[in-house]
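Close look at the chain arrangement
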Amino acid sequence: QVQVVESGGGSVQAGGSLRLSCVASGYTSRNNCMGWFRQAPGKEREGVATMNTVDGSTHYADPVKGRFTIFQDSAKNAVYLQMNSLKPEDTAMYYCATDGDHYSGSAPPRMCGYFGYWGQGTQVTVSS
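What counts and how
- Numbers given for residues are sequential positions, taken from 1 along each chain in its written order.
- The model is predicted, so local features are restricted to residues of pLDDT at least 70 and side-chain atom pairs to those at 80 or more, both for listing and for counting; the totals for chains, interfaces and linings are taken over all residues.
- Just so you know, side-chain values use all the structure's heavy atoms and leave hydrogens and water out.
- Numbered from the N terminus, helices here are DSSP runs of H or I no shorter than four residues, and strands are runs of E no shorter than two.
- Burial classes: relative accessible area under 20% of the type maximum marks a residue as buried, over 50% as exposed, and values in between as partly exposed (1.4 Å probe, protein chains only).
- For this analysis, a salt bridge means a side-chain nitrogen from Lys or Arg found within 4 Å of a carboxyl oxygen belonging to Asp or Glu.
- Two strands are said to pair when DSSP picks up at least two bridges between them.
- Note on aromatic pairs: the rings of Phe, Tyr and Trp (six-membered ring only in Trp) are paired at centre separations within 6.5 Å, and the planes decide the class, stacked below 30 degrees, edge-to-face beyond 60, tilted for the rest.
- Ring-over charges, as used throughout, are those where CZ of Arg or NZ of Lys falls within 6 Å of the ring centre and within 35 degrees of the ring normal.

**Description of unusual backbone geometry**
One non-glycine residue with positive phi stands out, namely Asn77, at about 55 degrees. Considering the arrangement of structural elements, one finds Asn77 in the loop between strand S7 (68-73) and strand S8 (78-83). In this model, Ser85 sits at a positive phi of 50 degrees, which is unusual for a non-glycine residue. On the accessibility criterion, Ser85 (41% relative accessible area) is partly exposed.

Below is the structure:
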């Protein structure tokens, strides 16, 4: 019932920017963790950025700090990833994820650690 749909990927040159969008539905909780992850060919999935929607706190992986920003539009139940100063090593399939109703009735931790529902991904390719 929970559905996560991401979009906004594409091909850009190094130094360029992209904004990824994610819309999640099928759950009622307003106490949520939302996150962006990525997986490059031949590599394991890695976390990129997460947000606790209760207080708006965010966490970023070291490789993207200062370049990527996660933010939300709570009215639309949407979360975005603004990616600036893109590098070839950012090339990957990017996935959006949410905890759904996992934290219903209680607040999620400041730094989120549970994501049970995933989108199908949007490809980001950065050329030199």
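The rest of the description comes next.
**Notes on the pattern of salt bridges**
Under the definition given, this model contains 5 salt bridges. Taking the shortest distance from any N to any O, the salt bridge between Arg38 and Asp90 comes out at 2.9 Å. Here Arg38 is found in strand S4 (residues 33-39), whereas its partner Asp90 is found in the loop between S8 and strand S9 (92-98), with 52 residues between them in sequence. Between Asp90 and Arg67 there is a salt bridge whose closest N-O contact spans 2.8 Å. Linking Asp90 in the loop between S8 and S9 with Arg67 in the loop between strand S6 (58-60) and S7, this pair joins segments that are 23 residues apart in sequence. Like Arg67, Asp90 is buried. The network of salt bridges with shared partners includes Arg38, Glu46, Arg67 and Asp90.

**Brief notes about the pairing of strand S3 (residues 18-25)**
Because side chains alternate across S3, one face comprises the buried residues Leu18, Leu20, Cys22 and Ala24, and the other comprises Arg19, Ser21, Val23 and Ser25, none of which is buried. Pairing analysis gives 5 bridges linking strand S1 (residues 3-7) to S3, with the strands arranged antiparallel. Across the sheet, Val4 pairs through a bridge with Ala24, a residue of S3. Across 6 bridges, the pairing between S3 and S8 is antiparallel. The residue bridging Leu20 from the neighbouring strand is Leu81, located in S8.

**A closer look at the packing of aromatic side chains**
The description of an aromatic ring pair rests on the distance of the ring centres and on the angle between the ring planes. Per the counting criterion, the structure on display carries 3 aromatic pairs. Ring geometry for Phe71 versus Tyr80: centroids 5.2 Å apart, planes at 20 degrees, classification stacked. Its relative accessible area of 28% is what places Phe71 among the partly exposed residues. Overall, Tyr80 belongs to the buried group, its relative accessible area being 16%. Put simply, the rings of Phe37, Phe115 and Trp118 pair up and form one aromatic cluster. Taking the ring centre of Phe37 as reference, the NZ or CZ of Arg45 above it sits at 5.6 Å.

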